[in-house]
Amino acid sequence: MSDIVYVSGHKNPDTDSVCAAISYSYLLNKIGKYNAVPVRLGEINRETEYALKHFHVESPVLLKSVKQKVEDLDYDKVTVFSKELTLKTAWSLMKEQNLKSAPISDDHGKLLGLLSASNIIEGYMDKWDSEVLKKAHTPIENVIDTLAANVLYLSKNLTTVEGTIHIVSMSEKNADGYIEENDIAIIGGDRVDMVRFLVEKKVGLVVLTGAFAVDEEIVKICKDHDVSVISTPYNTFVTSQQIIQAIPVEYVMQKGGLTTFSTDDTVEYLRDVMSNTRYRSYPVVDLNGKVQGTISRYQVIRGEKKKIILVDHNERGQAVDGIEEADILGVVDHHRIADFQTVGPLNFRAEPLGCTCTIIAKMFEEEDVEIPREIAGLMLSAIISDTLLFRSPTCTNVDRKIAYKLADIVGVEPAEYGMAMFKAGTSLVGKSVEKIFNQDYKKFNIGEAKVGIAQVNTMDIEGFAPYKADMLAYMENLAQENKFDVAILLLTDVINASSEVFVAGPRPEIVENAFRVHLDDHQANLAGVISRKKQVVPAVTNAINEA
Ligand SMILES: [Mn+2]
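Overview of the structure. Computed from a prediction, not measured in an experiment: that's the story for all the values here.

Conventions used here
- Residues numbered from 1 in each chain as written.
- Predicted model: local features only at pLDDT ≥ 70, side-chain atom pairs only at ≥ 80, totals over all residues.
- Helix = DSSP H or I, 4+ residues; strand = E, 2+ residues; numbered from the N terminus.
- Rg over C-alpha atoms; globule rule 2.2 N^0.38 Å.
- Buried ≥ 20, exposed ≤ 12 C-beta atoms within 10 Å, placed from the backbone.
- Pairing = 2+ DSSP bridges.
- Axes fitted to C-alpha atoms, helices over the stretch in contact; angles between N-to-C directions.
- Contact = placed C-beta atoms within 7 Å.

**Points about the overall build of the chain**
Right, so step 1: A tally of helices and strands in the chain yields 22 helices and 22 strands.
Right, so step 2: Taken against the 2.2 N^0.38 rule, which gives 24 Å for 547 residues, the C-alpha radius of gyration of the chain at 40 Å runs more than 25% over that of a compact globule.
Right, so step 3: Principal-axis analysis of the C-alpha atoms gives the chain an extent of 125 × 60 × 45 Å.
Right, so step 4: Going through the 547 residues of the chain one by one, you find that 39% of them count as buried.

**Some points on the sheet that holds strand 6 (residues 111-116)**
Right, so step 1: Spatial ordering of the open sheet is given by 4-5-6, a layout of 3 strands whose pairing is mixed. Pairing within the sheet leaves two strands with one partner each, and these edge strands are strand 4 (81-82) and strand 6.
Right, so step 2: Relative to strand 6, strand 5 (residues 101-105) is paired through 5 bridges, and the arrangement is antiparallel. Of the residues in strand 6, the one forming a bridge with P103 is L114.

**Some details on the sheet that holds strand 20 (residues 486-493)**
Right, so step 1: Taking strand neighbours across the sheet as the criterion, the 5 strands line up as 18-19-20-21-22 in an open arrangement whose pairing is mixed. Looking at strand neighbours, the two that pair on one side only are strand 18 (441-446) and strand 22 (523-527), the edges of this open sheet. Mean inter-strand twist for the sheet, computed between neighbouring axes without regard to direction, equals 25°.
Right, so step 2: As defined by bridge partners, strand 18 adjoins strand 19 (residues 449-457) across 6 bridges and the pair is classed as antiparallel. Looking across to strand 19, one finds that K442 is bridged to I453.
Right, so step 3: On top of the sheet, helix 20 (residues 468-482) reaches strand 18, strand 19, strand 20 and strand 21 (498-504); it is set at about 60° to strand 21, its chief contact.
Right, so step 4: Seen against the sheet, helix 22 (residues 532-546) touches strand 18, strand 19 and strand 20 and runs at an angle of roughly 155° to strand 19.

Everything listed is a geometric property; what it means functionally is a separate question.
Rendered as structure tokens:
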């Protein structure tokens, strides 16, 4: 039940696709079948926008793909280690969480490197010597922390380790050649004379080992010479072994050449990279570069497919990208069945009706679910849109009957609401005259004459009025450049079966003769004219030939 199931219409969504996704999701959630989420595959058109706004319903979210992505996999969302962490702490956390490697991040959570067991082994076996704390710029707090030490005196001048580590087991005389300024000296807690010698040498830190009661005199000598001194419960051997683990993980981790994945990477890409590399695990970062965890090979196999229900389409070419990787749980459609194949069984509902929302409205009845007003409004909008207000040859009696039922719930008159929706949907407001004219524009050579004819479907002729002067100037210019005898723009109202014609160019009388109309300020109404191919071009051809 908790798994999200996307309900999606086709690409280039129309009103039926969007409203069917929303209505069917509502029904599925209501009957408790799925956790359904309506989605859209592209921009909402003006008509759909009108319907959604009219009924105060939010636009579905945009779904770009159902390809499996890294974020869909069950990768380890591990604690991300900060670069300052001591190796000792990092190692104990890795053991605790059973990690073979751990991503290391900076203060902003960005990935800096990867700490793995092999980095640590390599360091211990090959690289680290008594200078490692200095090389790693180890903070003095790390040393205190790692040795579980008691601070007896800490100089303000000591922040990071700047010297070599010594276990001072020899006499002062012999030590003379070795100990240098800022070094760390590990000694037994009872060697007062040696401490005198060490402060003379200006060592950076004296580490007293073993559980000896600390000699007050030692502390006083160190304090007087501003030399830091700490005492650890560990014996000298363990101290020397542990002190190395005070280095920050930043020094140990692998920095360059990391293979990482983004949560947005496809699983396909991830498989490809993994098959060409041989790491135990790979850091996963989000789109901002923040570390999210790590992923290893076996976690890729366990990935879950995305679940989807298709409405108003059933062809792969019209479906969301990556559909071949998704689990299709159902289909509700009123189109032909073309290339449909699934792995498992599914609920497939196809009926030869005028609109998907007609089928969905029937399903509400079958499931005995009451249709809320806004859902009724959206389904009515879809039926009006798909059947061109019951005028389309695909419209059936069932579509009509159900549309009127829905209109009752909403409390609107279908024709009145439909006209308002079409008008808003086909409005040219906000578009440039060039864009309007070139939406569907063709050139014709008729005998010696040249003609350019553009046609645009709109029911909002009034909305075009403010653009008329600009449009005529654009067409006049176009006629001149192309040596047209006449340039024609038809604004066609399919529902009312008429066109408003606008004419520019040197021979406007061609249009007047073709349709036996009088142009008033370059404009006339052509009742019954809706087809450029079947009505306009033949009439214009006759007028030119007769001239
Ligand atoms: Mn449809």
